[in-house]
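Structure assessment
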Amino acid sequence: MERFKVIIVEDVKLELKGTEQIFRTEIPEAEVIGTAQNEGEVWKLFRQAEPDLLLLDLGLGGSTTIGVEICRQVRTRYPQCHVLIFTGEILNERLWVEVLKAGADGIILKTGELLTRDDVMLVMKGRQLVFNQPILEKIVERFSNSVMSEALKRDAMINYDIDEYDERFLRHLALGYTKEMITQLRGMPFGTKSLEKRQNELVNRLFPEGERVGVNATRLVVRALQLHLIDIDNLEPDAE
Amino acid sequence: MRSSFLCLLLCLLASLFSCGKSASPYDDMVDSLNMRAYHYRYINVDSTLKNAFKAYGEAYGYAEGRAEALCNQAFAAYQRMDFDFMDTLIASARANSRRHLIHLCADVLEMKAAQRTGEGEHFFRVKSMAENRIRRISGRLERMTARDKALWVYALTEFHIITSTYYFYQEQDSMARAELALVPPCLKEHIDTAQWVYYNYMLGPGGLVEGRNDEDITLQEFDYLFRAYITSRRDSLRYFEANCLQAFATMFLSNDSLLRHERPDAYYLLRFQHGAENSGYLPLVFAERALQIFKEYEDLFQTACTYRTLGEICFHKGFYERSLKYYEKALHCVNRHHLRYYGDISPDTLSVFNPNDVERCVEREWIADPRISTVPEWIAGIRQQLSLTFSAMGMKQASDYNRNFYLDLVQATNQNLELESRTAELQRQTHALRSRMLLCLLLVVLALLMAGVFRYRLSRRSNSLLSQVRNNRWPEYDEYRQWSEAQLAQLNDQREETQDNLTMSQQRMEDDKRKNAENRAKVSLVHNIVPFLDRIGGEVLRMKQSGHVTHERREYVVELSEQIERYNELLTRWITMERGQLSLHITSFPLSKLFGIIAEGHYSFDQKGVELKVEPTQAVVKADESLTLFMINTLCDNARKFTPSGGRVSVSAIEGDDYVEVQVSDTGCGLSPEDVETLSHSKLYDASSIGSTGEGKGFGFGLMNCRGIIEKYKKTSAIFAQCDFGVRSTLGQGSTFFFRLPRVVRMLLIFLLSASSLSASSITDNYDSLYLSNVDGYYEQSLTYAQRVIDALNQEHRNQPPMLLNDTLNTHSEAAEMLWAKDGVKADYDLIVGLRNEVALAALALGDWGLYRYNNRACIRLHRFTHQDKELPNYFHRIEQAHRNSNILLAVIVLASLFILYFAYRLLVVSQMAKKREILQLKDYLSHLFQEARNGLLPQEFEQRTSSYPSLRQIAIRYQREVMDASVLPQSQCREAISDLQDEEARLQYEHNRLYVQNQILDNCLSTIKHESMYYPSRIRLLAEKMTDADIQQLSELVQYYHHIYTLLCQQADAQISQPGFRRQHIGLTEVLCMAQSAFTRLCRKQRIDVPLSVAEIPSELATSQVLTDAALLDLLLESLMRGMLHEGGNYQFAVEDDGIFVRLLLRDTTRQPSDEDLNELFFPDQGEISYLVAKQIVREHDTYYNHPGCRLVAQRSQPMGYEIYFTLLKHNKE
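Residues numbered from 1 in each chain as written. Chains lettered and ligands numbered in written order. Predicted model: local features only at pLDDT ≥ 70, side-chain atom pairs only at ≥ 80, totals over all residues.

A separate point is the overall build of chain A. For chain A, the helix and strand inventory stands at 10 helices and 6 strands. For chain A, the residues scored as buried account for 35% of the 240 residues in total. In chain A, of all internal contacts separated by at least 6 residues, the share reaching a separation of at least 24 is 58%. (Helix = DSSP H or I, 4+ residues; strand = E, 2+ residues; numbered from the N terminus. Buried ≥ 20, exposed ≤ 12 C-beta atoms within 10 Å, placed from the backbone. Contact = placed C-beta atoms within 7 Å.)

Here the focus is the overall build of chain B. Check the secondary structure of chain B and you find 42 helices and 14 strands. Residues classed as buried in chain B amount to 39% of the 1215 residues present.

All names here are of chain A. With parallel pairing, 6 strands are arranged side by side in an open sheet as 2-1-3-4-5-6. Two strands lie at the open edges of the sheet, namely strand 2 (30-36) and strand 6 (130-131), each paired on one side alone. Here strand 4 (residues 82-87) runs beside strand 5 (residues 106-109); their pairing, made up of 4 bridges, is parallel. The residue bridging threonine 87 from the neighbouring strand is leucine 109, located in strand 5. Across the sheet, helix 2 (residues 39-48) touches strand 1 (4-9) and strand 2, and the angle it forms with strand 2 is around 135°. (Pairing = 2+ DSSP bridges. Axes fitted to C-alpha atoms, helices over the stretch in contact; angles between N-to-C directions.)

This part covers the confidence of the model for chain B. Residue and element names in this part refer to chain B. The share of residues in chain B with pLDDT of 70 or more is 86%, and the mean pLDDT across the chain is 79. Confidence scores differ between elements of chain B, with helix 28 (residues 746-756) showing the lowest mean pLDDT of 41 and strand 12 (residues 1142-1149) the highest of 92. This stretch, residues 692-699, has a pLDDT under 50; its non-local contacts, to residues over four places away or in other chains, come to 9 contacts. Long-range and interchain partners of residues 747-760, a stretch whose pLDDT sits below 50, account for 15 contacts in this model, where long-range means more than four residues apart. Among the prediction metrics, the complex's ipTM stands at 0.83, with pTM recorded as 0.53. (pLDDT = per-residue confidence, 0-100.)

Turning to the environment of B:Cys333, a few remarks are in order. All names here are of chain B. When you line up the elements, cysteine 333 lands in helix 16 (residues 320-342). Exposure remark for cysteine 333: the 22 C-beta atoms within 10 Å place this residue in the buried category. Separated by 29 residues in sequence, cysteine 333 and alanine 304 place their C-alpha atoms 5.7 Å apart. In this view, cysteine 333 contacts Leu300, Thr303, Ala304 and Tyr307; residues no more than four positions away in its chain are not counted.

Let us now look at helix 18 (residues 376-392) of chain B. Residues and elements named next belong to chain B. The end-to-end C-alpha separation of helix 18 is 24 Å, in line with the 24 Å expected for 17 residues at 1.5 Å each. Taken across its 17 residues, helix 18 has 15 buried, putting it largely inside the fold. Where helix 18 ends, the next residue or the one after it, glycine 394, has phi of about 80°, a positive value. (Expected span 1.5 Å × (residues − 1).)

Moving on to the sheet that holds strand 7 (residues 735-742) of chain B. All names here are of chain B. The sheet built from 5 strands is open, its strands ordered 2-4-5-7-6 with mixed pairing. The two strands at the open ends of the sheet, each matched to only one other strand, are strand 2 (611-614) and strand 6 (724-729). With strand direction ignored, the average angle separating the axes of adjacent strands in the sheet is 15°. Pairing of strand 5 (residues 659-666) with strand 7 involves 7 bridges; the strand directions are antiparallel. Across the sheet, valine 662 pairs through a bridge with phenylalanine 739, a residue of strand 7. Most of the contacts of helix 25 (residues 625-641) go to strand 5, to which it runs at about 25°, and overall it touches strand 4 (648-655), strand 5 and strand 7.

Bringing the interface of chain A and chain B into the picture now. Counting residues at the interface gives 26 residues for chain A and 29 residues for chain B. When contributions to the side of chain A that touches chain B are tallied by element, the ones reaching two or more residues are helix 1 (13-26), helix 3 (66-77) and helix 4 (93-101) of chain A. Considering only residue class, the side of chain A that touches chain B consists of 6 nonpolar, 13 polar and 7 charged. (Nonpolar A, V, L, I, M, F, W, Y, C, P; charged D, E, K, R; others polar.)

Residue and element names in this part refer to chain B. Two strands pair when backbone bridges link them, and strand 10 (residues 1105-1109) and strand 14 (residues 1203-1213) are joined in this way by 3 bridges, in the antiparallel orientation. If you follow valine 1107 over to strand 14, its bridge partner there is lysine 1211. Of the strand pairs in this sheet, strand 12 and strand 14 are connected by 8 bridges, and their pairing is antiparallel. Residue pairing for strand 14: leucine 1147 is matched across the bridge by isoleucine 1205. The pairing of strand 13 (residues 1193-1197) with strand 14 spans 5 bridges and is antiparallel. Looking across to strand 14, one finds that valine 1194 is bridged to tyrosine 1206. Between strand 13 and strand 14, which pair antiparallel in sequence order, lie 5 residues; one of them, glycine 1202, sits at a positive phi of approximately 85°.

In an α-helix, one turn spans 3.6 residues, which is why side chains three or four residues apart end up on the same side. All names here are of chain B. Listed in full, the buried residues belonging to helix 23 (residues 591-600) are Leu591, Leu594 and Phe595. Angular distribution of buried residues about the axis of helix 23 spans 100°; they occupy a single face of the element. Exposed residues lying more than 90 degrees from the buried face of helix 23 are Lys593, Gly596, Ile597 and Glu600. Elements that come into contact with the buried residues of helix 23 comprise strand 1 (586-590), strand 2, strand 3 (620-624), helix 25, strand 4 and strand 5. (Arc of directions from axis to C-beta.)

Now the structure itself:
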């Protein structure tokens, strides 16, 4: 592998020492051309020499999110430079998304194995979305949760025997339509009486016995939302 | 019964025979027989009866003689206590005679009977009749024969004596005394020896004599008694002789030596007459002699009384068994009387003590039964003595039994309370009748007057009314104006007060917010350690992979662990620095309040199908209220989570000796013994390992926090030594989580109260505890409380003679409260009666007879006095009057109304009326308008039916507008403002509570972190320093374990700070500058530094800008930064600058020049400057709650000299 130039941005000296050590012992191809502890120093270093890789911590000094800003600027001003985030922000998932949007090539969490040669090499080879094990675990967990909830939704439709009209009825109830208004919809060829019956049946299906007493339209709709029978992000009335 | 029937028959027969005969020559004989019967009254009842019978038989046609004979027979019946028969005799005597004198004699006899049987109403009815007669007879005294005169003297003295006796038994001494004083002086001329003796005897033992002191009274009484005794002996009036002896017995019991010294002649005469060798036995000898005479005289009542006296003497001498026997005999006499006359109605008799049926009070049944006559005073006296004797013998239950009956009887003999109301009613009725009559008269006069001037006045009044209304000059309007102004002022005051409260709450809230921010900063300091730990982990991992240790790595690990140690030290320093600042709010409060709040939250339980059962409790605990609520809430939430649908969660409190245990039980899955062990004993555990698999989520921190709180209590003070937290559980059968708090004993509270102030509440509180301690049997304690109540009462009535617990010096004198009552001083007499009763009870139990007597007497007397029916004597006069009045009144009313109707018809011209009515309508409407406005309602339109005065409508509208503008609107605005402020305060209260609990728990978490993890870094360092390849595994395990624990602890703390404490506000930049200036001044004053701060102008591009922040946090942020920068001789600048979507707030110190390195590390714990850490945390919070990350906190060199720190806040441009 060819040699490449690295700038390390890290505000805690002791941590910087460890990171440098990792480069020295495990990634001999990397030449650390400078280290910066604050934003000003970063730009100073960039003016001196443009690196191939920027290893960036997200929080510097008193500002905990400044890394995102630095990343964004580097990507616009030096598009050739790879940016790898090396951060201890374990809990702030939103920052991960922000920094990926700002153009980071990957995120390495400062836990477990920390930075490995493999991760750095992948980035240098131009791979996007490089994550180390801890962050991958988190991502996969999120992913499986969301997949499972989609599956639940499909199951619910079948389990609760929800047909097209039920769905439409619930959706319009959620949008604040009265039963009279719903009967006016083209896709609902029923009268008010029939809708009331439908509502009662829905209550019986969606609520276990013992909880059905006193369920009103609002409670019914909320239940439907909880069971993912209607999609809160996609709540639109039928086009007339 | 049989004898009475026989007598009745006799009477009938006799009256049959007498029909045909005219005046007979036997009249003189009848008279002389009657006189003999009268003479023998107090000598031998049988002789009286015999002579009276004879007289009755002889007096065929001599109705008056016959009536007199019947009276004499009635007297005999009275002495035998055959009250029913007596009534029959008196009735037939009345039927036979038309003379007032004979009727008066009958009246007097009837009064005697009523007095003895305790029928107050009957007594007064007859008394009022008798008084009428006395008035009538006294008008024609001159025409009386000598014999009639004698009869008159008898009747009159008997009337006064019996009335006096009645008052005496009702404990109304002054009335009794006054009545005796009315006894005619002619009595002293010895016309009737028996009555004279009776009079002297009455003055003897009754306490009806007034004197300088006890001794003087006793001597006077003795003189009267001795006089009565000597005379009765001379004339062999055995009844009085025995009575006197009995009185002597009581008198000698306590005044032996006094009498021996002061009245030696009489004393020794009595002693030798009765042959008593030893003066100590004198009372006994007197009483036994009296008993003998009474037995011969066949007087059951007095026999029983003498037995009672004997009992009292024995009691006095300490022979309790013997005295009990005498009382039994006395009671037996009562029973004998009852069985003799009423045995067929109710065969039940009284017993000394019936342990099988302590509730049933036979004597009450007797009194309640109208067919039975008995003598309640008689039984009451015996019961009281029995209660004393039993108490002295240590038989508490029997004593209480008798005391209860005693009090029952006192209650029952009190003048019937019902009568009181009836009398009052009657009085009202009479009053009403009278006033109606007056009214009618007035009306008549008025109607006459009106006839002439009505028309003229009507129009004048209409006009003047109208002008009043027009010119705003009428009382109702003025009143309304005053009310409205006062109301507005009051509302304004209230608003200000609420505002003040709000400001105070805000202040408190800000304090807690600061503490919270600092705590959060501490948590972030804790988090700062994690990367180092991760680094160590990484190094160890690499060493493990390569299998050997390099010098470089080892050094690095050592350095890292040293760094962690430094951070830990900082944390410790920080925590210790603030120790004592965050103190618990310990108060005493009833648990029921919190349980109520818990019970209100049943909805979430209902949702899950779990029943929430909160058992009511009376317990009062000493603890921090907010934290206790938090704990119960946490336990309930846990229980709910782990109880399946259909289960039950119950919350209860169990009171122990010195603690209250709050329990939260569920019917959930339960815990294994190992889990119970872990939960109860280890400070730190992995929550996910507890409980059933998969459901352990979130479980654990709550419990750890609860444990932490309990530990904190324990550390705070020794009062909390008994605090505890734990769990009892069986797998599959649910669990019970509990904690213990110190219990507050009610008594303690009261003690504190009474010590602090002698208020009205302390009277009732002390009285309550007096009652309670009597119930519990702490009698000495009771006396202390009683003294306290008395002190408090005296304090309240400072101008009155003071009450005493006991008065051993003047036993005859009136208790102070009686004097108060007589003077009409306002006091809670029911409470005093109760107090005296309780003291008497306690004294009884303690065997302090003197104290008992004093208090019992005071109790009974006051009770009687306060409940006596003062109107009863006049009751019957009024009835007559009322009858007469109402008849006249009817006629008057009819006449008057006719008259008025006539004039009304003639004079009230319709148009004139209509005019006035309209004006009045307007006035009514306006009054109504004011009233409605007072109730906060909006006025309705004025409806004018006719239009005599078209301007009326305009006046109405004018008033409407004025009421709206001047009163209704401003008031409702004010009310709205108050309610807004109150809501705001409630919100603050809620948030403050939450913050407070959060702070406490964070505090706990942090100190746990400090304690639990302190030890590891140094272990790691030591291990790393001397590490060889073989130690890698060991180090790896240690690091992993440390990491695990640390993460766990951090999570516990994070769980707390995840609740938002940030309150978004828009704040203008001018205000921000002011804040900065004031924070700076404040800080300078605190640190006693005098340095300048120049505040730059706001740049024009920011003129309309605001910043989005939390004012309290911003203040703390500014203060923290300034605290870090401030030093003597500095020179500071503060400025705001535009920075894209942010506003930059900049602080500059132009005197100091720190190195770049220092500036870089300014916000790291390495520098050890806590205030910068707080500042960093606050900026971080802004970032988190903006939903727009990008806030900066930067320290840098400034040109040309010094350094500056700036932070950015999100900008918001005002519209």
